[in-house]
Amino acid sequence: MTSDQMPNSAAVRLTPPQHKLAGSIALPGSKSITNRVLLIAALASGKSHISGALKSDDTTYMARALRQLGVTVEDAGETDFVIDSSGELTPSSEPLFLGNAGTAVRFLTAAAANITGTTVLTGDEHMQKRPIAPLVQALNEAGVTAVAPTGCPPVTVTSDGGFANRAIEVDASLSSQYVSALMMAGVKGDTPFSLKVKDGDIGARGYIDITLECMKAFGAEIEQTGPLSWDIANRPYSARDYWVEPDASAATYIWGINALLGTDIDIGIAPGDMMQPDAKAYDFIAQFPNLPAVIDGSQMQDAIPTIAVLAAFNNHPVRFVGIANLRVKECDRINAVATELNRIQPGLAEEIGDDLLITPDRTLIGKTIEADIHTYHDHRIAMAFSQAALVIEGLRILDPACTAKTYPGYWRDLNSVGVEMAFE
């Protein structure tokens, strides 16, 4: 079976290579950056050309929702979008369905405050378990009527067209995306918008920096007034052309494979040239098989499944801390990684509160172990465990199509550098 048939497949079985993998892979664009600039370009008056963008489930949901809100979003090639907008979003008579795209749901929930009328945002069964209450609370504080009865989507936002209260605080302990969402939406108004993070607590600060860079690229003026507080000028965005850098989270899987197999698959960009927080994961991965005994994952959360699976083959135990937010991602990633590693061999992983302890066994490399790796419909679990499937014969990764969320061509790209695989 070929990789073209993958979407209809229940599982993929990788063959541990008997030769050195070689070649180069062109990574998809950053999901984090793509969904930010799609929204910002939609809030800008004029035509913007976004190149190097990710085309995946998450960005497709964002583009489709923006079209529902009156923005012209044109697919202009494999990695390009052209956005033509009046700078104003218009009401949609139908709910915005956003699958399990967390960035799209959270960013558009705040952006809906700039729409005069009522907007309903929802998603699939997984999204309806992901918390959004802190963002809803912040919107209400801003004078917008936002309601999410379960604390998760669906969310109903009713507004007069902007934040009536232009100075608010937000609880960002569960997700930095709440902060980014409010920032991007806050430029519209008669006065500057002041935003502060409650209790000085935030999940992944690096993603706030990405948001600020994207906003500034489209003409926003932002002044940092404290460690976690900002004043955002009431200045509209300006349309422009923008290039999206490759996805650092996607890069971690290739870096992990290179470290584990001793290969040198080229991804065409150095970690230091990326502004995404997950690029910092390279500094840890490069230390394999002597990863640090304790790794704080708070500022590179999406990279933790990659490093945790790699840690199963380390020379000594590794404890991951600062990762509590992984429990509210596409799945409970702490539990998922622990459960699936222990499916390979009991005792490889242990959940200690919200920490994850990996007790490795390097003798697993080269063994044959028949096991089905469950992916929980989570792209990052599937791709992280591809590392293990390249050194242990017999592992089957279930639901391989789930990688379409952020990296539709993942299996094809592995095949292109010499990884043999069978879809079943």
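Coordinates for the structure precede this section.
Note that the structure is predicted; figures quoted are calculated from it, not measured.

**Digging into the overall build of the protein chain**
Phase 1: Along its length, the protein chain carries twelve helices and 20 strands.
Phase 2: Against the compact-globule benchmark of 22 Å for 424 residues, the protein chain has a radius of gyration of 21 Å, which places it among compact chains.
Phase 3: Sorting the 424 residues of the protein chain into buried and exposed places 59% on the buried side.
Phase 4: Sequence separation of at least 24 residues holds for 73% of the intrachain contacts in the protein chain that already meet a minimum separation of 6.
Phase 5: Summed over its atoms, the accessible surface of the protein chain is roughly 15200 Å², and 48% of this surface lies on carbon and sulfur atoms.
Phase 6: Across the protein chain, 31 positive and 50 negative side-chain charges occur, with their mean positions spaced 1 Å apart.

**Some remarks on a negative patch on the surface**
Phase 1: On the surface, E141, E169, D171, D199 and D201 cluster together to form a negatively charged patch.
Phase 2: Only β9 (167–172) and β10 (193–202) provide two or more residues apiece to the negative patch.
Phase 3: With respect to the helices and strands, the residue D201 is situated in strand β10.
Phase 4: Its relative accessible area of 37% is what places D201 among the partly exposed residues.

**A look at the pairing of strand β4 (residues 81–86)**
Phase 1: Inspection of the sheet shows strand β2 (residues 45–51) paired to β4 by six bridges, in the antiparallel sense. Pairing of G46 across the sheet is with S85, part of β4.
Phase 2: Of the strand pairs in this sheet, strand β3 (residues 72–75) and β4 are connected by four bridges, and their pairing is antiparallel. Along β4, the bridge assignment pairs E74 with V82.
Phase 3: In textbook terms, the turn of a hairpin is the stretch between consecutive antiparallel strands, and for β3 and β4 this stretch comprises five residues, one of which, G77, has a positive phi near 130°.

**Some words on the sheet that holds strand β8 (residues 155–160)**
Phase 1: In space, the four strands of this open sheet follow the order β5-β6-β8-β7, with mixed pairing throughout. Each edge of the open sheet carries a strand with a single partner, namely β5 (96–97) and β7 (145–147).
Phase 2: Here six bridges tie strand β6 (residues 116–122) to β8, and the two strands are oriented antiparallel to one another. The residue of β8 that forms the bridge with T119 is V157.
Phase 3: Across the sheet, helix α4 (residues 133–141) lies against β7 and β8, angled at about 160° from β7, the strand it touches most.

**Here's the deal with helix α9 (residues 304–311)**
Phase 1: With eight of eight residues buried, α9 lies mostly within the body of the structure.
Phase 2: The set of residues buried in α9 consists of I304, P305, T306, I307, A308, V309, L310 and A311.

Here is what the cut-offs are and how they apply
- Sequence positions are assigned chain by chain, starting from 1 and proceeding in written order.
- The predicted origin of the model limits local features to residues at a pLDDT of at least 70 and limits the giving and counting of side-chain atom pairs to 80 or more, whereas totals for whole chains, interfaces and linings rest on all residues.
- Calculated side-chain values reflect all of the structure's heavy atoms, with hydrogen atoms and water omitted.
- A run of DSSP states H or I qualifies as a helix once it reaches four residues; a run of E qualifies as a strand once it reaches two. Both are numbered from the N-terminal end.
- The globule rule is 2.2 Å times the number of residues to the power 0.38, and the radius of gyration it is compared with is taken over C-alpha atoms.
- Throughout this description, buried means an accessible area under 20% of the type-specific maximum (1.4 Å probe, protein chains only), exposed means over 50%, and partly exposed covers the range between.
- The contact definition used throughout considers only heavy atoms, calling two residues in contact when any of these lie within 4.5 Å.
- Accessible surface area values rest on a Shrake-Rupley calculation with a 1.4 Å probe, where residue burial reflects the displayed protein chains alone.
- Counting rule for charge: Lys and Arg are taken as positive, Asp and Glu as negative, and neither His nor the chain ends is counted.
- Throughout, a charge is located at the NZ atom of Lys, the CZ atom of Arg, the CG atom of Asp or the CD atom of Glu.
- Note on patches: the residues involved have over 30% relative accessible area and no salt bridge, like charges join within 9 Å, and the nonpolar side chains Val, Leu, Ile, Met, Phe, Trp and Tyr join within 5 Å.
- Salt-bridge detection follows one rule: a side-chain nitrogen of Lys or Arg within 4 Å of a carboxyl oxygen of Asp or Glu.
- Strand pairing is defined by DSSP finding a minimum of two bridges between the two strands.
- Axis definition: a line fitted to C-alpha atoms, limited for helices to the stretch in contact. Angles are taken between N-to-C directions and run from 0 to 180 degrees.

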